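# Tertiary structure, described
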Amino acid sequence: HSRFYQCITVGLEDSDGNVVSLYGRRIKGDKGAKHQFPQGKISGIFHSKIFQVAREIILTEGVVDGMSVWYMGFPNVSCVFSATNVPQLLIEQLLRYQTTRVYLALDNDAAGEAACERLRAKLSSLGTGLQIARIHLPAGIKDANELLVKYGREQGGQVFGKLLAQAISSLA
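Residues numbered from 1 in each chain as written. Predicted model: local features only at pLDDT ≥ 70, side-chain atom pairs only at ≥ 80, totals over all residues. Heavy atoms only, no water.

### Describing the overall build of the protein chain
Put simply, the rule reads: Numbered from the N terminus, helices here are DSSP runs of H or I no shorter than four residues, and strands are runs of E no shorter than two. Radius of gyration here uses only the C-alpha atoms, and the compact-globule reference equals 2.2 Å multiplied by the residue count raised to the power 0.38. Residue exposure (1.4 Å probe, protein chains only): buried if accessible area is under 20% of the type maximum, exposed if over 50%, otherwise partly exposed. Residues count as neighbours in contact if any of their non-hydrogen atoms are within 4.5 Å of one another. Neither His nor the chain ends contribute to the count of charged residues, in which Lys and Arg are positive and Asp and Glu negative. For charged residues, the charge sits on one atom: NZ in Lys, CZ in Arg, CG in Asp, CD in Glu.
Each helix and strand counted, the protein chain has 5 helices and 7 strands in total. Order of helices (α) and strands (β) in the protein chain, N terminus to C terminus: β-β-β-α-β-α-β-α-β-α-β-α. In terms of overall size, the protein chain behaves like a compact globule, its C-alpha atoms giving a radius of gyration of 16 Å where 172 residues would be expected to give roughly 16 Å. Projecting the C-alpha coordinates of the protein chain onto the three principal axes gives extents of approximately 50 × 35 × 30 Å. Relative to its full complement of 172 residues, the protein chain shows a buried share of 45%. In the protein chain, the proportion of contacts linking residues at least 24 apart, taken out of those at least 6 apart, comes to 60%. Of the charged side chains in the protein chain, 19 are positive and 15 negative, and the gap between their average positions amounts to 2 Å.

And the structure:
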């Protein structure tokens, strides 16, 4: 049996958009971990080519949350894979393509808040003048995917857009 059995799989890309690895999200059954990567070091990032065209990037905590944000109408999204794992390639892409703003849409829990603080410190230490803002999800909503599931694409997108506008205004 494959480690990706009963998983939705998504390609993870190198800096040029070539698929170099996979992410799997278990959708059925209780066998195995919910999040799957090939054995060994995680390589690649979600939606790497967006850094080439967008100067403002939304970062979520996981791939499914990133796909949910994209589906709700915000394609300028990538992810950090977990509250404790920031891929070095993601940092390199932010620098390489001179990203000006990062919006942190990590999980609405203690681990997500702690991850936001660590990520904010890491990104601030780069010395690039990168603006960083937190997108605060509504109370009772754990992550972007839960927002999408609860409200649907259109209304979820409207809610997320308002939250993004609040994050932007916090930078002023």
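### A short note on the sheet that holds strand β1 (residues 7–13)
Selection criterion: Paired strands, as defined in this entry, are two strands with at least two bridges between them according to DSSP.
The antiparallel open sheet is built from 3 strands, whose spatial order is β1-β2-β3. Looking at the sheet topology across the chains shown, the edges are occupied by β1 and β3 (35–36). Relative to β3, strand β2 (residues 19–26) runs antiparallel, the two sharing 2 bridges. Looking at β3, one finds that glycine 24 is bridged to glutamine 36.

### Description of the layout of surface pockets
As a reminder of what qualifies: Site definitions follow a grid-based scheme: protein atoms alone, a 1 Å grid, a 1.4 Å probe that fits but cannot get out for cavities, and for pockets an open set with protein on both sides within 12 Å along at least five of seven lines, plus lining residues having an atom within 4 Å of a point. Grid points are joined across faces, edges and corners, and a volume is the space filled by probe spheres set on the points. In this classification, Asp, Glu, Lys and Arg are treated as charged, Ala, Val, Leu, Ile, Met, Phe, Trp, Tyr, Cys and Pro as nonpolar, and every other residue, Gly included, as polar.
Here the largest pocket defines a volume of roughly 310 Å³. Around the largest pocket, the lining comprises 18 residues; the ones closest to its centre are Arg25, His35, Asp65, Asp107 and Asp143. For the lining of the largest pocket, the elements supplying multiple residues, two or more each, are β2, α2 (63–71) and α5 (144–169). Examining the composition of the lining of the largest pocket, we find that 3 residues originate from one element, α2, more than from any other. Among the residues making up the lining of the largest pocket, the classes are represented as 6 nonpolar, 4 polar and 8 charged. Estimates place the volume of the second largest pocket at around 170 Å³. If you trace the second largest pocket, you find it lined by Lys41, Ile42, Ser43, Gly44, Phe81, Asn85, Pro87, Gln88, Leu89 and Glu92. In terms of residue class, the lining of the second largest pocket is built from 4 nonpolar, 4 polar and 2 charged.

### Some details on the state of the cysteines
To keep things clear, this is the line we draw: Any cysteine sulfur atom paired with another within 2.5 Å is treated as part of a disulfide.
One pass over the structure, following the stated rule, counts 0 disulfides. Unpaired in terms of disulfides, cysteine 116 finds its nearest cysteine sulfur in cysteine 79, a separation of 14 Å. For cysteine 116, a relative accessible area of 1% gives the class buried.

### Brief notes about a nonpolar patch on the surface
As a reminder, the rule being used: Patch membership requires over 30% relative accessible area and the absence of a salt bridge. Like charges are linked within 9 Å, and nonpolar side chains (Val, Leu, Ile, Met, Phe, Trp, Tyr) within 5 Å. Surface accessibility in these figures is a Shrake-Rupley result with a 1.4 Å probe; residues are shielded only by whichever protein chains are displayed. By definition, a salt bridge exists where a carboxyl oxygen of Asp or Glu is found within 4 Å of a side-chain nitrogen of Lys or Arg.
Where nonpolar side chains cluster on the molecular surface, the patch consists of Ile8, Ile27 and Met67 and spans about 270 Å² of accessible area. Along the chain, methionine 67 falls in helix α2. Using a relative accessible area of 31% as the deciding quantity, one classes methionine 67 as partly exposed.

### Things to note about the nonpolar core
To be explicit about the condition: We define the nonpolar core as a collection of buried residues of types Ala, Val, Leu, Ile, Met, Phe, Trp, Tyr and Cys that are connected through side-chain atoms lying within 4.5 Å of one another.
Judged by nonpolar contacts, the single largest core of 27 residues is most densely connected at Ile58, Val63, Ile135 and Phe160. Elements that contribute at least two residues to this core include exactly β1, α2, β5 (77–79), β6 (101–105) and α5. No other element matches the 7 residues that α5 contributes to this core. Contact partners of isoleucine 58, with chain neighbours within four places excluded, come to Val69, Phe74, Asn76, Val77, Ser78, Tyr103, Ala105, Ile135, Phe160 and Leu164. In this structure, Ile57, Leu89, Leu94 and Leu104 belong to the second largest nonpolar core, which totals 21 residues.

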